[in-house]
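Residue-level structural notes
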Amino acid sequence: MAPTLQGKRIAFLAADGVEEVEYVQPREAVEDAGATVELVSLKPGSIQSFNHLDKSRTYDVDVTADKADAGGYDALVLPGGVANPDFLRGDPDAVRFVQAFFEAGKPVGVICHGPWTLIEADVVRGRRIASWPTLRTDLTNAGATWVDEECVTDGNLISSRNPDDLPAFCAQITKSFATS
């Protein structure tokens, strides 16, 4: 029996430069399991997604990070893309939003370059985490143990390396979000 997320609200925190497949596939997975999803971003309007280095579609923002309340969500997903997490980690409201999920012990899924925002939020120390390989040094310097694994669960944190890992990542966030 597939996990159900009926009645759960999931926040996706993303900005311009988000890797489209890392936003779309996890969103579809949790919505298909019954969750309500909201896109939280840095500014109202829409965000520009990318397919690697090429512009792709835009997605409408539901709420901005300065107005979003982590207490109103059951879980958080941080998709990757190179520019996306760089913009997020530079925004104090986005960083506080992420920190609030960890302070509350709520589940957080992160993939690819997404951990850059977690590093800025100072929530990776002592954790095992997978990411895009070039973040290895950043994560290690922030006190994490970087691993080259398809999908890693460390307490409330679920992480994966890249788009090839999306099937495992989507299955694990859906399962973890259902039991939280």
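Below: a short report on this structure. (Residues numbered from 1 in each chain as written. Predicted model: local features only at pLDDT ≥ 70, side-chain atom pairs only at ≥ 80, totals over all residues. Heavy atoms only, no water.)

It is worth spelling out the sheet that holds strand β12 (residues 157-160) at this point. Read from one edge of the open sheet, seven strands run β6-β3-β1-β7-β8-β12-β11, paired in mixed fashion. Strand pairing shows two members of the sheet lacking a second neighbour, β6 (63-64) and β11 (151-154), which therefore form its edges. Here β11 pairs with β12 via four bridges, running antiparallel. Following the sheet pairing, cysteine 151 is matched in β12 by serine 160. (Pairing = 2+ DSSP bridges. Helix = DSSP H or I, 4+ residues; strand = E, 2+ residues; numbered from the N terminus.)

Once that is clear, we can look at the packing of helix α1 (residues 20-32) against helix α6 (residues 166-178). Contact pair α1 / α6: the axes reach a minimum separation of 9 Å and the direction vectors enclose 40°. By the angle between their directions, the pair α1 and α6 is classed as oblique. In this structure, the crossing between α1 and α6 has a hand that is right-handed. Contacts between α1 and α6 involve Val21, Glu22, Gln25, Pro26, Ala29 and Val30 from the former and Leu166, Phe169, Cys170, Ile173, Thr174 and Phe177 from the latter. A per-class count over the contact of α1 with α6 returns nine nonpolar, two polar and one charged. (Axes fitted to C-alpha atoms, helices over the stretch in contact; angles between N-to-C directions. Parallel < 35°, antiparallel > 145°, perpendicular 65-115°, else oblique. Left-handed = near helix turned anticlockwise from the far one by under 90°. Contact = heavy atoms within 4.5 Å. Nonpolar A, V, L, I, M, F, W, Y, C, P; charged D, E, K, R; others polar.)

Looking now at the sheet that holds strand β2 (residues 18-19). If you trace the three strands from one edge of the open sheet to the other, you get β2-β4-β5, paired in mixed fashion. Unpaired on one side and paired on the other, β2 and β5 (54-60) mark the two borders of the sheet. Bridging between strand β4 (residues 46-51) and β5 involves five bridges; their strand directions are antiparallel. Residue pairing across strands places serine 46 opposite aspartate 60, the latter belonging to β5.

Looking now at the pairing of strand β7 (residues 75-78). Residues of β7 alternate between two faces, with Ala75 and Val77 on one and Leu76 and Leu78 on the opposite face, all of them buried. The sheet contact formed by strand β1 (residues 9-13) and β7 spans three bridges and is parallel. Across the sheet, the residue bridging to isoleucine 10 is alanine 75, located in β7. (Buried < 20%, exposed > 50% of the residue type's maximum accessible area, 1.4 Å probe, protein only.)

To continue, consider the state of the cysteines. Per the counting criterion, the structure on display carries zero disulfides. A disulfide-free cysteine, cysteine 112 has its sulfur positioned 13 Å from the sulfur of cysteine 170, the nearest such atom. In this structure cysteine 151 is a free cysteine whose sulfur lies 9.3 Å from that of cysteine 170, the closest cysteine sulfur available. Judged by relative accessible area, cysteine 151 falls into the partly exposed class, the value being 23%. (Disulfide = S-S within 2.5 Å.)

On to helix α3 (residues 92-103), then. With 12 residues, α3 should reach 16 Å at 1.5 Å per residue; the first-to-last C-alpha distance of 16 Å fits that figure. The set of residues buried in α3 consists of Ala94, Val95, Phe97, Val98, Phe101 and Phe102. The buried side chains of α3 occupy one side of the element, clustering within an arc of 160° when seen end-on. If you check the start of α3, you find a side-chain oxygen 3.1 Å away from the backbone N of aspartate 93, and it comes from aspartate 91. Looking one or two residues beyond α3, the residue adopting positive phi is glycine 105, at roughly 70°. (Expected span 1.5 Å × (residues − 1). Arc of directions from axis to C-beta. Polar contact = N/O pair within 3.5 Å; in protein donor to acceptor, adjacent residues only side chain to side chain.)

Core analysis: the biggest nonpolar cluster contains 32 residues, and Leu13, Val40, Leu76, Leu78, Phe97 and Leu118 have the highest contact counts within it. Of all the secondary-structure elements, those providing two or more residues to this core are β1, β7, α3, β8 (108-111) and α4 (115-120). Among the elements that take part in this core, α3 stands out by supplying six residues, more than any other. Apart from residues lying up to four places away in sequence, leucine 13 is in contact with Val40, Leu76, Val77, Leu78, Pro79, Leu88, Ala94, Phe97 and Val98. Judged by nonpolar contacts, the second largest core, of 24 residues, contains Leu5, Val37, Val61 and Cys112. (Core = buried A, V, L, I, M, F, W, Y, C linked by side-chain atoms within 4.5 Å.)

Okay, the pattern of salt bridges next. Scanning the entire structure with this criterion turns up 10 salt bridges. The salt bridge partner of lysine 67 is aspartate 66, with a shortest N-O separation of 3.6 Å. (Salt bridge = Lys/Arg side-chain N within 4 Å of Asp/Glu carboxyl O.)

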